[in-house]
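For reference, the chains in residue letters:
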Amino acid sequence: MKSLVIGGGPAGLQASLDLANAGYDVYLVEQCFSLGGRAVQIVKNYPSLTFIKDFMKPLMDDVYNHEKITVFTNSEVIGVDGEAGNFKVKVEKRPTYVNLEECNDESCAKAMDVCPVEVPNEFNVGLDKRKAIFVPFSYSVPSGCVIDEKSCLHFKDGSCSKCSEVCGGINFDEKKETVEIDDIGSIIVATGFDLFDPNLRPELAYDKYKNVITSLEFERMLDENGPTKGKIIVDGKEPKSIVFAHCIGSRDKKVDNPYCSRICCMYTAKEAYMAKEKIPDATIAVSYIDMRAFGKGYEQFYEEVQKKQVLYRRGVAAEIYGNGDKVVLRAEDTLLSEPYEFSTDLIVLAVGVEPRSDSAKLAKVLGLQLDDCGFFVEKNVYDTCETEKDGVFIAGCCQGPKDIPDSLMQGSAAAAKAIGLMQRCNT
Ligand code: SF4
Ligand code: SF4
């Protein structure tokens, strides 16, 4: 009996590995070009301040190279029939137009070099550009380049085939294919999350000022291999004052997100800590509603951050406006019931977690329910892995916001449940 895992972020990777190590054949379907999910855009974890890459890269490699795991990247589950113990699944595999067995780092580099098309690089949230043929990120798995057919001139108007002249792995004739897999005993959904779009709060002027950015843009700047080579640079200048604003798109009924996103208090604390390391003389403040430092070691880390002269002030972000080179955050102090303002070189919006925009489509394919906020519904509050549909389990942020350790744990829990079910089906 085989198992299907949908989503190749931390929860899906961990679930796949646990299932495979228990002897089950696993099919892992990931929508993006690489495994890793959103975790790979993060530089360091909290509270350990260890590099995420040092954890994620071996996990991604272990999964990709496991003899019992078949990985489909750039793919999507489009059909599921049957029942627990005997599902039949259809997977649509989209072409990458590059045969990785026929190319190498050198030919990939040459192909990217000759490609005339530049588009915003999604991995770096548009802070730099990539080519139409590109490597998704420095440690992507599978490694090597892919062609984005939406921006490639060959597919737009047939006017280019330059990459094929320098790389033997290019195959413009590669077609989309549908793979049918039967004898699937269990399905684990681990499709992750989207981030809140701050343009949905126009009063925060995200689109108006270059020095109002999201926490993910800030994170990408912290990466030594990122678009700014690890320098915090906005509009060509290093900011000498930074204000972080919590709860952007979370705990906010006006944008239909009444829940707490659980990760942004702590990722902000980490980003503030790293900012202070990079610019020791910077003035750093955090405007927060209340601090959610619930994990092991989180409270102590929060104290460490404050010892670095990071000022925490209670406040709900109400408005941002420009004043010369500065931007001003107007907030409401919820303790004193009075407004205050921070005038600063840079404002970082701690954007929250949202259900993936395609969750409803997948829920329909799988016959699952979504809750009022759009996350997949668990069986009950004491069993957050099982769903109302026998044989289909959920793990990670598709069930609700959580950090990487909790996602890994839920991935393992879902795998254990799936193994138990498949063992029962076999007896
Ligand atoms: S064929 Fe497409 S990917 Fe290749 S070089 Fe031309 S535009 Fe770039
Ligand atoms: S984790 Fe913190 S910043 Fe994020 S929504 Fe919850 S309270 Fe707000």
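Conventions used here
Residues numbered from 1 in each chain as written. Chains lettered and ligands numbered in written order. Predicted model: local features only at pLDDT ≥ 70, side-chain atom pairs only at ≥ 80, totals over all residues. Heavy atoms only, no water. Helix = DSSP H or I, 4+ residues; strand = E, 2+ residues; numbered from the N terminus. Contact = heavy atoms within 4.5 Å. Areas by Shrake-Rupley, 256 points an atom, 1.4 Å probe, with all protein chains shown as cover. Lys, Arg positive; Asp, Glu negative; His and termini not counted. Charge placed at Lys NZ, Arg CZ, Asp CG, Glu CD. Pairing = 2+ DSSP bridges. Axes fitted to C-alpha atoms, helices over the stretch in contact; angles between N-to-C directions. Domains from an automatic or database assignment. Buried area = accessible area lost by both parts, 1.4 Å probe. Near = heavy atom within 4 Å. Nonpolar A, V, L, I, M, F, W, Y, C, P; charged D, E, K, R; others polar. Phe/Tyr/Trp six-rings, centres within 6.5 Å; stacked < 30°, edge-to-face > 60°. Buried < 20%, exposed > 50% of the residue type's maximum accessible area, 1.4 Å probe, protein only. Polar contact = N/O pair within 3.5 Å; in protein donor to acceptor, adjacent residues only side chain to side chain. Parallel < 35°, antiparallel > 145°, perpendicular 65-115°, else oblique. Left-handed = near helix turned anticlockwise from the far one by under 90°. Salt bridge = Lys/Arg side-chain N within 4 Å of Asp/Glu carboxyl O. Core = buried A, V, L, I, M, F, W, Y, C linked by side-chain atoms within 4.5 Å.

A short note on the overall build of the protein
From N to C terminus, the protein includes 10 helices and 21 strands. Summarising its shape, the C-alpha atoms of the protein cover approximately 65 × 55 × 35 Å along the three principal directions. Taking the contacts inside the protein whose residues are at least 6 apart along the sequence as the reference set, 66% of them involve residues at least 24 apart. Total accessible area on the protein stands at roughly 19,300 Å², and carbon and sulfur atoms take up 47% of it. Side-chain charges in the protein split into 50 positive and 66 negative, and the spacing between the mean points of these groups amounts to 2 Å.

Quick look at the sheet that holds strand β16 (residues 316–323)
The 3 strands lie next to each other as β16-β17-β18, forming an open sheet whose pairing is antiparallel. With one partner strand each, in any of the chains shown, β16 and β18 (338–344) form the two edges of the open sheet. Here the strands of the sheet are splayed against their neighbours by 25 degrees on average, with no regard to which way each runs. Where β16 and strand β17 (residues 326–333) come together, 7 bridges link them in antiparallel fashion. Across the sheet, the residue bridging to Asn323 is Lys326, located in β17.

Observations regarding the domain arrangement of the protein
Many descriptions give the size of an interface as the accessible area lost when the pieces come together. Here the protein is described as being made up of domain 1 (2–94 + 176–192 + 356–426), domain 2 (100–166) and domain 3 (196–353). Across the contact, 13 residues belong to domain 1 and 11 residues belong to domain 2. Counting the surface lost from both domain 1 and domain 2, the interface buries some 1,100 Å², and carbon and sulfur atoms represent 71% of this. Per-residue buried area on domain 1 facing domain 2 is highest for Phe33, Val40 and Gln41; these three make up 47% of the total on that side.

Description of the site of ligand 1
Taken together, 13 residues form the shell around ligand 1, and within it Cys115, Cys152, Leu153, Cys160 and Cys163 come nearest. Elements with a contribution of two residues or more to the shell around ligand 1: α4 (153–156) and α5 (162–166). Grouping the amino acids of the shell around ligand 1 by side-chain chemistry returns 10 nonpolar, 2 polar and 1 charged.

Let's talk about the packing of aromatic side chains
Here the structure, examined in full by the defined rule, presents 14 aromatic pairs. Ring centres of Phe123 and Phe137 lie 4.8 Å apart, and the angle between their planes is 10 degrees; on these two criteria the pair is classed as stacked. Of the two residues, Phe123 sits in the loop between β6 (118–120) and β7 (129–131) while Phe137 sits in the loop between β8 (133–134) and β9 (146–147), which places them 14 residues apart along the sequence. Between Phe155 and Phe172, the aromatic rings sit 6.0 Å apart at their centres with planes inclined by 75 degrees, giving edge-to-face as the arrangement.

Some remarks on the environment of Cys265
Summarising the element assignment, Cys265 is placed in helix α7 (residues 264–278). Judged by relative accessible area, which is 8%, Cys265 ranks as buried. For the pair Cys265 and Ser75, spaced 190 residues apart in sequence, the C-alpha separation works out to 33 Å. Non-local contacts of Cys265, meaning those with residues more than four positions away in its chain, are made with His246, Asp290, Met291 and Arg292.

Here we look at the side chain of Asn124
If you trace the backbone, Asn124 turns up in the loop between β6 and β7. For Asn124, the side chain forms a polar contact with the side chain of Arg220, separated by 2.8 Å. Other than its neighbours up to four places away in sequence, Asn124 contacts Arg220 and Pro227.

Points about the packing of helix α1 (residues 10–21) against helix α2 (residues 52–65)
Across the interface, α1 lies against α2 with an axial gap of 10 Å and an inter-helix angle of 45 degrees. The angle between α1 and α2 falls in the class oblique. At the point where α1 passes α2, the crossing takes the left-handed sense. On α2, the residues touching Pro10, Leu13, Gln14, Ser16 and Leu17 of α1 are Met56, Leu59, Met60, Asp62 and Val63. The residue makeup of the contact of α1 with α2, split by class, is 7 nonpolar, 2 polar and 1 charged.

Brief notes about the pattern of salt bridges
Inspection of every chain in the model, using the stated rule, returns 31 salt bridges. Arg201 is the partner of Glu203 in a salt bridge, and the nearest nitrogen-oxygen pair spans 2.8 Å. Here Asp345 ties to Lys326 by a salt bridge, and the two come within 2.9 Å at their closest N and O atoms. With Asp345 in the loop between β18 and β19 (346–351) and Lys326 in strand β17, this residue pair connects regions lying 19 residues apart in the sequence.

Some details on the site of ligand 2
Around ligand 2, the neighbouring residues are His246, Cys247, Ser250, Arg251, Cys260, Ser261, Arg262, Ile263, Cys264, Cys265, Asp290 and Arg292. The set of elements that each furnish at least two residues to the shell around ligand 2 consists of β13 (241–248) and α7. Taken together, the residues of the shell around ligand 2 break down into 5 nonpolar, 3 polar and 4 charged.

Examining the nonpolar core
Ranked by internal contacts, the top residues of the largest apolar core, which has 60 residues, are Phe218, Met291, Tyr312 and Leu349. Among the elements that line this core, the one with the most residues is α7, at 9 residues. A domain split of this core shows at least three residues from each of domain 1 (2–94 + 176–192 + 356–426) and domain 3 (196–353). Discounting chain neighbours no more than four positions away, the residues touching Met291 are His246, Cys265, Met266, Ala269, Tyr302 and Tyr312. Grouped together as the second largest cluster of nonpolar side chains are 37 residues, Phe123, Ala190, Cys385 and Ala395 included.

Some points on the packing of α7 against helix α8 (residues 298–307)
Running from amino to carboxyl end, α7 crosses α8 at an angle of 35 degrees, the nearest separation of the two axes being 10 Å. In the packing of α7 onto α8, the handedness of the crossing is left-handed. Taken together, the residues of α8 that come into contact with α7 (itself represented by Met266, Ala269, Lys270, Ala272 and Tyr273) are Tyr298, Phe301 and Val305. When its residues are assigned to classes, the contact of α7 with α8 shows 7 nonpolar, no polar and 1 charged.

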